[in-house]
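A closer look at the structure
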Amino acid sequence: MLELVPKPQFSVVIPPKLIQEGYLVHFPGDWPSTFTQIREKYFRIQATVPVPYDLSYIIPTLDYRDVDFSNGSGAFQESIYPEKYETLQEVLVGFKPGNFVSIWEIPAARTIDNLEYATMYNDITDPSRLYLGAHQPKDSPYDDPRIKFYLIKDLAPLIMKLYVLAGVDFEKIVVGLTINKCLMEEVSQPSDADKLKAKVIRYYEYLRW
Amino acid sequence: MPSQIVTAHTTAVQAVAERRNAVVIPTSMTIDNDAGAADRTIWIQDSFTPSVSHGVAVPVATVVDRYRVDVLMGDVMVLNAADLEGVKCLGALLIDADAIDADCHITVGYKHE
């Protein structure tokens with residue numbers, strides 16, 4: 001039969017997941033003074049190159065691997081940090097399903113997802129606190145990644161601890177990365193509109209108060 | 001989905017190679033022992049070398065039995081995805097048998113995930 005579909009009252013525009021060419025970014029004053037090249041400055045993105053990269057590890061049950069994203073030739077280093085100050089790397093992380101959790105630290109041995117009471121931080125040797133701040137694969141699926149971080153040259157090493165839970169002999173952990181390489185050019189005199197539009201990228205210490 | 005045919009052998013035969021960013025899921029297995037010489041036991045095995053981890057600094061090549069089935073002489077057994085549910089190979093998928101028999105054919109259907 002005849003059906004008249006009413007005109008929608010509104011529509012939703014979903015912005016792209018990744019920074020695009022022409023976007024503005026701002027590094028506020030909470031960055032340490034050692035980052036003078038970017039601290040308290042505004043940049044316009046001149047070019048972007050999204051680079052896909054899959055990492056995988058087969059790990060025995062109740063064991064873990066510290067995946068260090070910083071650059072170097074260490075056994076656990078994946079070397080995806082930028083080497084130039086004019087490069088910003090926006091990284092999306094997704095996981096294929098499996099029997100494991102991920103725990104995030106920056107710098108090494110300092111977990112991000114803590115609570116305020118003194119002992120309330122992730123501890124993989126404690127059956128209960130193993131799950132405190134532990135992200136499951138479904139939290140950021142491979143095809144719809146939801147964990148995102150930003151890397152610049154000389155940032156402290158970001159560590160992703162991958163822990164295989166009990167119940168399997170081994171697990172294969174597949175980590176899908178999309179590394180959005182962004183070329184930045186400084187905007188020396190940003191307008192008020194630029195300042196409002198710019199994406200603020202804060203130093204990681206703001207996560208701890 | 002692709003498939004591969006191997007014959008029964010006491011040295012495990014690789015049916016599917018390892019893919020670094022995926023696991024191998026067998027979706028079907030047909031064991032044609034119609035002309036076979038005897039009753040046969042068939043295993044699906046998983047062959048891989050683990051990564052360096054906190055607990056294992058020097059990993060060694062590992063083979064794990066993932067599935068076992070007995071097939072009578074003169075019989076053809078067909079296993080579908082439901083029969084093989086939960087079977088997952090982290091590395092290469094191997095087919096092993098309790099005897100060498102060129103007349104016992106094993107067809108494995110599989111996908112990568």
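Predicted model only: the values in this text are computed from it and were never measured. (Residues numbered from 1 in each chain as written. Chains lettered and ligands numbered in written order. Predicted model: local features only at pLDDT ≥ 70, side-chain atom pairs only at ≥ 80, totals over all residues.)

What chain B contains, in helices and strands, is zero helices and eight strands. Element order for chain B, N to C, with α for helix and β for strand: β-β-β-β-β-β-β-β. Over its C-alpha trace chain B gives a radius of gyration of 15 Å, about what one expects of a compact globule, namely 13 Å for 113 residues. Principal axes of the C-alpha set define a box for chain B whose edges measure 50 × 25 × 20 Å. Across the 113 residues of chain B, 30% fall into the buried class. (Helix = DSSP H or I, 4+ residues; strand = E, 2+ residues; numbered from the N terminus. Rg over C-alpha atoms; globule rule 2.2 N^0.38 Å. Buried ≥ 20, exposed ≤ 12 C-beta atoms within 10 Å, placed from the backbone.)

This part takes up the overall build of chain A. Each helix and strand in chain A was counted, giving one helix and nine strands. Mapped from its N terminus to its C terminus, chain A presents α and β elements in the order β-β-β-β-β-β-β-β-α-β. Within the span of chain A, comprising 209 residues, buried residues form 26% of the whole. Contacts in chain A between residues at least 24 apart in sequence constitute 75% of all its contacts with a sequence separation of at least 6. (Contact = placed C-beta atoms within 7 Å.)

Here we take up the interface of chain A and chain B. Counting from both sides, the interface comprises 14 residues of chain A and, opposite them, 14 residues of chain B. Those elements that provide at least two residues to the side of chain A that touches chain B are strand E2 (41-60), strand E3 (64-68) and strand E8 (170-187) of chain A. Top element by residues in the side of chain A that touches chain B is E2 of chain A. It accounts for six residues. Classifying every residue of the side of chain A that touches chain B by side-chain character gives eight nonpolar, one polar and five charged. (Nonpolar A, V, L, I, M, F, W, Y, C, P; charged D, E, K, R; others polar.)

Residue and element names in this part refer to chain A. Strand order in the open sheet formed by six strands is E6-E4-E8-E2-E1-E9, with mixed pairing between adjacent strands. Only two strands of the sheet have a single neighbouring strand rather than two, namely strand E6 (147-151) and strand E9 (199-200). Strand direction decides the pairing type here: E2 and E8, joined by 18 bridges, are antiparallel. From the neighbouring strand, Pro60 faces E8, where its bridge partner is Phe170. (Pairing = 2+ DSSP bridges.)

Let us now look at the confidence of the model for chain B. The predicted model of chain B averages 97 in pLDDT, with 100% of residues at 70 or higher. The ipTM, which scores confidence in the relative placement of chains, is 0.93 for this predicted complex, and the corresponding pTM is 0.92. (pLDDT = per-residue confidence, 0-100.)

Residues and elements named next belong to chain B. A sheet is described by the order of its strands in space; here four strands give the open sequence E1-E8-E3-E6, paired in antiparallel fashion. Only two strands of the sheet have a single partner each, and these edge strands are strand E1 (3-8) and strand E6 (76-79). Adjacent strand axes in the sheet meet at a mean angle of 25° when their direction is disregarded. Here eight bridges tie strand E3 (residues 24-32) to strand E8 (residues 101-112), and the two strands are oriented antiparallel to one another. Residue pairing for E8: Met29 is matched across the bridge by Val108. (Axes fitted to C-alpha atoms, helices over the stretch in contact; angles between N-to-C directions.)

The subject of this paragraph is unusual backbone geometry. Residues and elements named next belong to chain A. Each neighbour pair has its own omega, and for Ile106 with Pro107 the value is -10°, a cis peptide bond. When you line up the elements, Pro107 lands in the loop between strand E5 (100-105) and E6. With a phi close to 60°, Glu40 is a non-glycine residue in the positive phi region. Following the sequence through the fold, Glu40 ends up in the loop between strand E1 (24-27) and E2.

Core analysis: the largest hydrophobic core is formed by 59 residues, its most contacted members being Leu162 and Tyr163 of chain A together with Ile42, Leu93, Ile95, Ile106 and Val108 of chain B. Looking at this core element by element, the count peaks at six residues for E8 of chain A. Among all residues touching Ile42 of chain B, those that are not within four sequence positions of it are Ala8, Ile31, Val69, Val71, Ile95, Ala97 and Ile106 of chain B. (Core = buried A, V, L, I, M, F, W, Y, C linked by C-beta atoms within 7 Å.)

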